[in-house]
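Reading the structure
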Amino acid sequence: MLHPAPTDGGLMARRKKLYEGKAKILYEGTEPGTIVQYFKDDATAFNAEKKDVIDGKGVLNNRLSEFFMKGLTQLGIPNHFIKRLNMREQLVRAAEIIPLEIIVRNVAAGSIAKRLGIEEGTPLPRPIVEFSYKDDSLGDPLVPEEYIAAFGWASQQEMDEIVSMALRVNDYLSGVMYGVGIKLVDFKIEMGRVYEGDFPRLIVADEISPDSCRLWDIETGQKLDKDVFRRDLGNLADAYTEVARRLGVMPSNVTHTPTKPTLIN
């Protein structure tokens, strides 16, 4: 049986910390082969040059990622989610993370618009799947499939499966968002391997939240994602709260006060 992990505070500090990233902390799980994923309130942009703490952001992302991962499970898309433990933590399967970010784009925005000189907001002819190498010190550079195969990050068979799974995730997220008046512009996910005997199986890992998606209101074009923080367009927690409200997963006990993001030199 899986038992709830300790809640926030002193008890959490007694668990073994495995990794701390920009938005989450990973702790040793309550059972072998599990990890406790803690969602922080930290917000970063421009490769962590811009930083702030947004009250309630971690709570919202925890609930939203739970909602999306459960949706994937219902569709038979394997993922690492086991259960939510409390307002900021969830129990997930440990996985061997593939060192790639898988980016799926439906509309030109962000870096692809700049790279190709496409006006932001232009619908793409079909969903485009890109890969970037996960390394903050290098700025997560885009890499072609030839690099991925040559350096052994994933096999050709795995890449084919990754693209297929990413497009299935795109279909699911696009439909869910469209149903609540939100356009899924793009998103990124991570994938990992879990082993059943000697046989590796791919699963969706990390998180799916407004931190990792571009979400625009269909009617007004209002941004409901981390671009609000990147571009100083308002309060980030308000944007994430609106997404949670529309999806019917608005958590209780989320309080936040308007804060102005600061640029860290």
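These remarks concern the structure in this document. Keep in mind the model is a prediction, meaning the values are calculated, not measured. Per chain, the residues get numbers from 1 upward, laid out in the order the sequence is written. Selection of residues for local features in this predicted model requires a pLDDT of at least 70, selection of side-chain atom pairs for listing and counting requires 80 or more, and totals for whole chains, interfaces and linings are taken over all residues. As a rule here, side-chain values come from all non-hydrogen atoms in the structure, and water together with hydrogens is ignored.

Remarks on the sheet that holds strand S2 (residues 24-28)
A sheet is described by the order of its strands in space; here five strands give the open sequence S1-S2-S3-S7-S6, paired in antiparallel fashion. In this open sheet, the two edge strands, each paired with only one partner strand, are strand S1 (17-20) and strand S6 (81-84). Between one strand axis and the next, the sheet turns through 25 degrees on average, direction left out of account. Criterion used throughout: strands pair if DSSP finds at least two bridges between them. Runs of E in the DSSP output that reach at least two residues are strands. Runs of H or I that reach at least four are helices, and both are numbered from the N terminus. As defined by bridge partners, S2 adjoins strand S3 (residues 34-39) across five bridges and the pair is classed as antiparallel. Of the residues in S3, the one forming a bridge with Tyr27 is Val36. For this analysis, residues touch if any pair of their heavy atoms sits within 4.5 Å. Fitted lines through C-alpha atoms give the axes, limited to the stretch in contact for helices. The angle between two N-to-C directions lies from 0 to 180 degrees. Across the face of the sheet, helix H2 (residues 57-74) comes into contact with S3, S6 and strand S7 (89-93) while running at roughly 135 degrees to S6.

Brief notes about the nonpolar core
For this analysis, a nonpolar core means a set of buried residues of the types Ala, Val, Leu, Ile, Met, Phe, Trp, Tyr and Cys, connected via side-chain atoms within 4.5 Å. Buried, partly exposed and exposed residues are distinguished by accessible area as a fraction of the type maximum, computed with a 1.4 Å probe on protein chains only: under 20%, between the cut-offs, and over 50%, respectively. Grouped together as the largest cluster of nonpolar side chains are 49 residues, with contacts concentrated most on Phe68, Val169, Val204 and Ile208. Residue contacts for Phe68: discarding those within four places in its chain leaves Tyr172, Leu173, Val176, Met177, Ile208 and Leu247. Grouped together as the second largest cluster of nonpolar side chains are six residues, Ile25, Tyr27, Leu85 and Leu91 included.

Quick look at the pairing of strand S11 (residues 182-196)
In terms of burial, S11 is largely enclosed, as eleven of its 15 residues are buried. As judged from the four bridges shared by strand S9 (residues 100-107) and S11, these two strands associate in the antiparallel manner. Directly across from Val104, in S11, lies its bridge partner Phe187. Relative to strand S13 (residues 213-217), S11 is paired through five bridges, and the arrangement is antiparallel. Its bridge partner being in S13, Ile182 is matched across the sheet by Asp217. Judged from the seven bridges that link them, S11 and strand S12 (residues 199-205) form a sheet pairing that is antiparallel.

A word on the packing of H2 against helix H5 (residues 156-179)
In contact at an axis separation of 11 Å, H2 and H5 are set at 120 degrees when each is read in the N-to-C sense. Classed by the angle they form, the pair H2 and H5 counts as oblique. Pair H2 / H5 crosses with right-handed handedness. Contacts between H2 and H5 pair Phe67, Phe68, Gly71 and Leu72 from the former with Val169, Tyr172, Leu173, Val176 and Met177 from the latter. Ten residue types, Ala, Val, Leu, Ile, Met, Phe, Trp, Tyr, Cys and Pro, are classed as nonpolar, four, Asp, Glu, Lys and Arg, as charged, and the remainder, Gly among them, as polar. Across the contact of H2 with H5, the residue classes break down as eight nonpolar, one polar and no charged. Orientation categories follow fixed angle ranges, with anything under 35 degrees roughly parallel, anything over 145 roughly antiparallel, 65 to 115 roughly perpendicular, and all other angles oblique. Should the near helix be turned anticlockwise from the far one by less than a right angle, the crossing is termed left-handed; should it be turned clockwise, right-handed.

Side note on unusual backbone geometry
Not every positive phi belongs to a glycine, and Asp140 is a case in point at roughly 50 degrees. Its place among the elements puts Asp140 in the loop between strand S10 (123-133) and helix H4 (145-150). Take Asp140: its relative accessible area is 18%, and that puts it in the buried class. With phi around 65 degrees, Asp206 is a residue other than glycine that occupies positive phi space. You can see Asp206 is positioned in the loop between S12 and S13.

With respect to the packing of H2 against helix H7 (residues 236-247)
Running from amino to carboxyl end, H2 crosses H7 at an angle of 30 degrees, the nearest separation of the two axes being 10 Å. As summarised for this structure, H2 and H7 are arranged roughly parallel, according to the angle between their axes. In this structure, the crossing between H2 and H7 has a hand that is left-handed. For the pair H2 and H7, contact is made by Lys57, Leu60, Asn61, Leu64, Phe67 and Phe68 and by Leu236, Ala237, Tyr240, Thr241, Val243, Ala244 and Leu247, respectively. Looking at the contact of H2 with H7 residue by residue, the classes come out as ten nonpolar, two polar and one charged.

A short note on the packing of aromatic side chains
Aromatic rings from Phe, Tyr and Trp, with only the six-membered ring used for Trp, were paired whenever their centres fell within 6.5 Å, and each pair was classed as stacked if the ring planes differed by under 30 degrees, edge-to-face if by over 60, and tilted otherwise. According to the stated counting rule, one finds four aromatic pairs in the structure shown. Here Phe151 and Trp153 contribute two aromatic rings whose centre-to-centre distance is 5.2 Å and whose plane-to-plane angle is 25 degrees, an arrangement assigned as stacked. Residue classification places Phe151 among the exposed positions, given a relative accessible area of 56%. The ring of Tyr27 is capped by Arg15, whose NZ or CZ atom sits 4.8 Å from the centre of that ring. Any Lys NZ or Arg CZ that is within 6 Å of a ring centre and within 35 degrees of that ring's normal is treated as a charge sitting over the ring. Above the face of the Trp216 ring, Lys223 is positioned so that its terminal group lies 4.8 Å from the ring centre.

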